[in-house]
Structures are given as structure tokens and as C-alpha cells.
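This is what each chain is made of:
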Amino acid sequence: MNGEPDLYVGGQWRHASDGGTRESINPADGSVAAVVDEATDADAREAVSAARAAFDDGAWRATTAAERSILLDRIADILQRDKESLSVLETRDTGKTLVESRIDIDDVTSVFRYYAKLVGVEADRVIDVGDPAVISRVVREPIGVCVLIAPWNYPLLQMSWKIAPALGAGCTMVAKPSEVTPLSTIAFVHLLEEAGVPGGVVNLVQGSGAALGAALTDNPDVDFISFTGGLATGRTISKVAAEHVTKVAVELGGKNPHIVFADIGTGDAWDASVDQVLTGVFLHSGQVCSAGTRLIVEESIADDFVAELVTRAEKIRMGDGMDAASETGPLVSEQHRAKVEGHVASAISEGAKLVTGGSRPSDATLEKGSFYLPTIFDRCDRSMGIVREETFGPILTVERFTEEAEAISLGNDTEYGLAAGVRTSDPARGERVVRALRHGTVWLNDFGYYTAAAEWGGFGKSGNGRELGPTGLAEYQELKHIWHNTAPKPAGWFKGE
Ligand code: NAP
């Protein structure tokens, strides 16, 4: 970063082989946050080869679960020690507020702590095959060389959901952060080195996904690809990996419904619902895969509910994430803001009723950043692109319903299936609706929370893998059945007569 080498291959820090660099832009003001090395295709191939060699060498995968657990805990300690500097990097690179970045680093830490406790806990499965001389057991082994590709919205958090279980399982890996937000991952890999991760076990390349994609995914030396990002990229990677029969887990986008029944109550209960619908969609300017972008609200309260949302949305304080007064930051880049603006223009042309936002803020102090106002469209329906496609920006659409079955049907009427929220004071209805929704995470009277101990992933086109929880570790393991006969006898099938 800024002249220091940023690629980490086989335990060595180095510059790109062609000397290439890229500016990482602070979206709050358009300034250059840092200049980082930009890997070439050859660098990426070397990184995969280094991970392959470190795996095949056998020393790392022969470490005990207890040794890897101690390492994961040490990494968690170092993360907490450097929480502030990592948070500042994350804010400068993504634009999110410093408060959010600090929460991210705490979450990253909790993922390492969780897997430190989990590794080695899953016992081998011993099977009684009916012959006391035979010991039949199923053991877990590391899957091998992993390519870990992360998006820009939660750069270090998304990467930690991959690196922590991969290390815990005894895999080796190549990490590739988004070219838009590489800074926290570069700093983190320095910390992994300090914590004692052996050379070659974690390798790091950054650069354009389009340029490095083939080297990382169209590569027979790779055993597993864990990808988080958009649907189109997920499709591309899945197709390429299929040629090598490489296992792939893709964690993709969402178009997440937040269903509000008229029985939510009044007073504090009403306020909690308004607040969580607002936070669920406008946190991090809507650049959250599980953002509740589709409000599906019962007709009898819809006018009042939307009116209050509009009032609250117009009070959201936007600004540089480093400013403690800012409640939300900019979009990650000018390019991304242009995409959001395109979606808003289409929504208007399709007849969605714009009730607030729909433009850049007029505040002159925000002019240099890629800010966009919290935006709400009322009177939306499924025929509109703004209801179907993921915008990944601060846009809330409102659909209305009158019957419970209609709410469920609307909630499931999406090609995605990442997350959903339901708000009702009737526990029986709540249970009915959450079970009927086809989404990977469903919150009942809450929104947006998760824990490292519970699986995260999508139904439908939101993905085919699971991160976090025991399954998040199992993704990085192969199962091997060992049949050990302690008193072998002839099979006696062929008589030799
Ligand atoms: P993206 O454009 O698909 O990129 C994701 C990552 O893939 C980046 O590191 C990107 O590199 C890389 N990439 C691009 N083309 C590639 C290729 N051909 N081969 C290999 N890698 C390639 O997604 P994004 O815009 O960064 O992220 C936003 C998306 O992520 C949204 O759809 C969001 O919903 C989703 N997301 C999902 C989850 C989840 O848990 N399901 C969590 C967070 C985000 P470059 O950036 O360098 O091009």
C-alpha cells in the first residue's frame, strides 16, 4: 500500500510482476485512499500454485485441530488490538460510518472466536457394520486449495466468513478482495502473518475480478471456490468451475421482503417497526445483501406507515463516515451511483410513485462524494424492475396486501431468497408466515441480526452454499470413509476352482 508491496504469495510480500498499481478511492470525497498493487493473471496463477504447494507439502494440514484453534484465537486477539486502524481503513475504502466499521471488526473477531471453539469438536462418526473386526469410521479432512472471492460492501467481514473456517479446517487458500475495497484485507493478511500463519497457507492477490477470474477459477489446482458477490458473476464462476468439477459455493444477491401486518401494535411497538424497516433498508446506504428493500405492508395501515417512514428517511444525516455526526455514508463509487440512478429512472418510467428522495443530496459539502438520498417508491408491483432486480442502494419499494396468504405470496415472489422480515404481534401468525417464506434467514419482529453460530445463505438464486455455523466449516471439509479390518480374511468370492 502506498509503495509497500501488497501481494502475498508463498509467504513473501511482493509488487505486481508488471509493476501495475490501482488507486483505491474514498467515496466520501473522491480522494485517493491508497495506491495498491494490481496483480496480473500470472501473479494470480502463482498464488494458486503456492497454495497448492503448501497444501501438498502436508505440514499445515497435519496440524492438530487444537493447534489451529489456538491460532484462530490469536488472530481474534490481534484483530481486537488493531480494531481502530482496521476500522478506519474500512471506512475510507467503503464510505461506511466508523461506527459500522467498528461493529464489522467485532463481528470479524467473533467469527474467528466461534471457529476457534468449533474446530475439532465434530467427532469422527463410527459405524457398526456388524463385524467386530472392522472399524468403520467417517473422518473430516480439509478440502484442499480454496479460492476466496469477496465483494466490496463488507470487505473484511465477508472475507472472514471464508478465511476463518478455511484455516480451521486446515485448508490453504488464495484470497481476492474486490478491487474497489482491498485495503482492510491487505492489512489483515499482515496480521495473519504476525499471528503465525505459515507461508503459502494464505495468499493474497488483488485486482480486477474480470482480469484475474480465469487464473483463480479456471484452474485445475483449485479444490473449492467460495464466492460472494452478484448473480451474474456467480453464474460465470459456476460455469467455469464446472469444467474442472471444482466445488463452488456462491453467496449471491437478494431482493428481500419486509412484511408488516396491521396488528403490529401502537406506541413503542409501532415505533420499533418503523425504525427497523427504515434501518433494514437504509443502513450502509442500502448496500447490504440482506437489506429489506421491499416493504410489503397491510393496506389498512399502509398510508400512515409510509408517511412516517418518509418523515424519518428525510431526517437521515448523510456524510463522511469519519464524521461522528454522519448516520450513513455514500455509495461505494461513482460507477455504482450511476447504476442506482438508472434503476430510479426506470422505476419512475414504469409508474412507481416517488414519495421521497430520487436524487443526489443538494448539500454542497457532499458534492465530491457519491452520495444518494434515501428513496421511497409507493404503489409498486411485481411487474416493475425496481421490485424484481437488486439495486443495492438506498431504495425502498412499497407493495400493499389485504390477506395473509397474499403477503406470503408476495414475499416469495422473487427469484432470490436470501432474507425476509415479518412483523406481527400474533405469534401463531408469525410462525405460520416465517415457515411459509422461502428465504435463508427470516427475522420475526427484528431485522438484520445474525450470529456466527447460525448458518447464512440463500434459497433460489441467492446462492447454493452456507457460511457460518457448523455448515460453514463443513464446506471446507471432505468426508472420508475409512474401513479398517483388524482381522482380514479371504473374501471367498472367486473359488479358484
Ligand atoms: P461482483 O461484481 O459480483 O464482485 C464480487 C467479487 O467477484 C469481487 O471481488 C469481484 O472483483 C470478483 N469478480 C468479478 N468478476 C469476476 C470473475 N469473472 N471471476 C472471478 N471473480 C470475479 O459483486 P459486488 O458488486 O462486488 O458485490 C455486490 C453483490 O454481492 C450484491 O449482489 C450483493 O447482494 C452480493 N452480496 C451477497 C452476500 C451474501 O451473503 N449472499 C453478501 C454480500 C454481498 P472486482 O470487484 O475486483 O471486479
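Residues numbered from 1 in each chain as written. Predicted model: local features only at pLDDT ≥ 70, side-chain atom pairs only at ≥ 80, totals over all residues. Heavy atoms only, no water.

Named according to an unreviewed UniProt entry, the protein chain is Aldehyde dehydrogenase family protein originating from Mycolicibacterium hodleri. Comment text from UniProt for the protein chain, heading Sequence similarities (unreviewed entry), reads "Belongs to the aldehyde dehydrogenase family." Reading the Pathway (unreviewed entry) entry of the UniProt record for the protein chain gives the comment "Amine and polyamine biosynthesis; betaine biosynthesis via choline pathway; betaine from betaine aldehyde: step 1/1." (UniProt positions renumbered as here; feature names shortened; annotations may be inferred.)

A.B. asks: Residues and numbers for the pattern of salt bridges, please.
C.D. replies: Scanning the entire structure with this criterion turns up 31 salt bridges. One salt bridge in this structure joins Arg52 and Asp223, with 2.9 Å as the shortest N-O distance. Of the two residues, Arg52 is situated in helix α1 (residues 41-57) and Asp223 in the loop between α7 (209-217) and β10 (224-228); the sequence distance between them amounts to 171 residues. Given a relative accessible area of 16%, Arg52 falls into the buried group. Classification of Asp223 by relative accessible area gives partly exposed; the value is 25%. In this structure, Arg382 and Asp413 form a salt bridge, with 2.8 Å as the shortest nitrogen-oxygen distance. You can see Arg382 sitting in the loop between β15 (375-378) and α12 (385-388) and its partner Asp413 sitting in the loop between α13 (404-412) and β17 (419-423), a full 31 residues away along the chain. Judged by relative accessible area, which is 25%, Arg382 ranks as partly exposed. Here the salt bridges do not stand alone but share partners, grouping Asp263, Glu404, Arg429 and Arg432 into one network. (Salt bridge = Lys/Arg side-chain N within 4 Å of Asp/Glu carboxyl O. Helix = DSSP H or I, 4+ residues; strand = E, 2+ residues; numbered from the N terminus. Buried < 20%, exposed > 50% of the residue type's maximum accessible area, 1.4 Å probe, protein only.)

A.B. asks: Could you give an account of the pairing of strand β6 (residues 134-142), with specific residues and numbers?
C.D. replies: As paired strands, strand β5 (residues 125-127) and β6 are joined by three bridges and run antiparallel to one another. Pairing of Arg125 across the sheet is with Val138, part of β6. Turn length for the β5-β6 hairpin, with the two strands adjacent in sequence and antiparallel, is six residues, and the turn residue Gly130 shows positive phi of about 90 degrees. Of the pairings in the sheet, the one linking β6 to strand β19 (residues 477-485) comprises nine bridges and is antiparallel in character. Bridge assignment links Val138 to a residue of β19, and that residue is His481. (Pairing = 2+ DSSP bridges.)

A.B. asks: Before we move on, can you summarise the environment of Leu396 with the specific residues and values?
C.D. replies: Topologically, Leu396 is positioned in strand β16 (residues 395-401). Expressed as a C-alpha distance, the spacing of Leu396 and Leu309, which sit 87 residues apart in the sequence, is 10.0 Å.

A.B. asks: Which residues make up the packing of α1 against α7, and what are the values?
C.D. replies: The interhelical angle for the contact between α1 and α7, taken along N-to-C directions, is 30 degrees, at an axis separation of 8 Å. Judged by the angle between their axes, α1 and α7 are roughly parallel. Regarding α1 and α7, the two cross each other, and that crossing is right-handed. Residues Asp41, Ala44, Arg45 and Val48 of α1 pack against Ala211, Leu212, Ala214, Ala215 and Leu216 of α7. Split into classes, the residues belonging to the contact of α1 with α7 amount to seven nonpolar, no polar and two charged. (Axes fitted to C-alpha atoms, helices over the stretch in contact; angles between N-to-C directions. Parallel < 35°, antiparallel > 145°, perpendicular 65-115°, else oblique. Left-handed = near helix turned anticlockwise from the far one by under 90°. Contact = heavy atoms within 4.5 Å. Nonpolar A, V, L, I, M, F, W, Y, C, P; charged D, E, K, R; others polar.)

A.B. asks: Describe the packing of helix α9 (residues 268-282) against helix α10 (residues 299-313), listing the residues and the values that go with them.
C.D. replies: One way to put it is that α9 packs onto α10 with a least axis distance of 10 Å and a crossing angle of 60 degrees. Compared by their axis directions, α9 and α10 come out oblique. Classified by chirality, the crossing of α10 by α9 is right-handed. Residues Trp270, Asp271, Ser273, Val274, Asp275, Val277, Leu278 and Phe282 of α9 pack against Ile301, Asp304, Phe305, Glu308, Leu309, Arg312 and Ala313 of α10. Along the lines of polarity and charge, the residues of the contact of α9 with α10 split into nine nonpolar, one polar and five charged.

A.B. asks: Residues and numbers for empty space enclosed by the protein, please.
C.D. replies: Taken as a whole, this structure holds one cavity of 30 Å³ or more when the rule is applied. Its boundaries defined by the atoms lining it, the largest cavity holds a volume of some 40 Å³. If you trace the largest cavity, you find it lined by Gly254, Asn256, Gly286, Val288, Cys289, Ala291, Thr293, Glu390, Thr391 and Phe392. (1 Å grid on protein atoms, 1.4 Å probe; cavity = no way out; pocket = protein on both sides within 12 Å on 5 of 7 lines; lining within 4 Å. Points joined across faces, edges and corners; volume = space filled by probe spheres on them.)

A.B. asks: So, the packing of aromatic side chains: which residues are in play, and what are the values?
C.D. replies: Evaluation of the coordinates by the stated rule reveals twelve aromatic pairs. Ring geometry for Tyr8 against Trp13: centres 4.6 Å apart, planes inclined by 35 degrees, an arrangement best described as tilted. Note on Tyr8: relative accessible area 4%, which makes it buried. Ring centres of Trp161 and Trp456 lie 6.0 Å apart, and the angle between their planes is 70 degrees; on these two criteria the pair is classed as edge-to-face. On the criterion of sequence distance, the pair formed by Trp161 in helix α5 (residues 155-169) and Trp456 in the loop between β18 (441-444) and α15 (469-474) is long-range, its members being 295 residues apart. The exposure class assigned to Trp161 is buried, which follows from its relative accessible area of 4%. When the ring centre of Phe224 is taken as reference, the NZ or CZ atom of Lys247 above it lies at 4.8 Å. (Phe/Tyr/Trp six-rings, centres within 6.5 Å; stacked < 30°, edge-to-face > 60°. Lys NZ or Arg CZ within 6 Å of the ring centre and 35° of its normal.)

A.B. asks: Please give an account of the layout of surface pockets that cites residues and values.
C.D. replies: Estimated volume of the second largest pocket: approximately 940 Å³. Taken together, 32 residues form the lining of the second largest pocket, with Glu100, Tyr154, Thr279, Leu283 and Gly448 sitting closest to its centre. Elements represented by at least two residues in the lining of the second largest pocket include exactly α4 (98-118), α5 and α9. Take the lining of the second largest pocket: its biggest share by element is six residues, from α9. Along the lines of polarity and charge, the residues of the lining of the second largest pocket split into 16 nonpolar, nine polar and seven charged.

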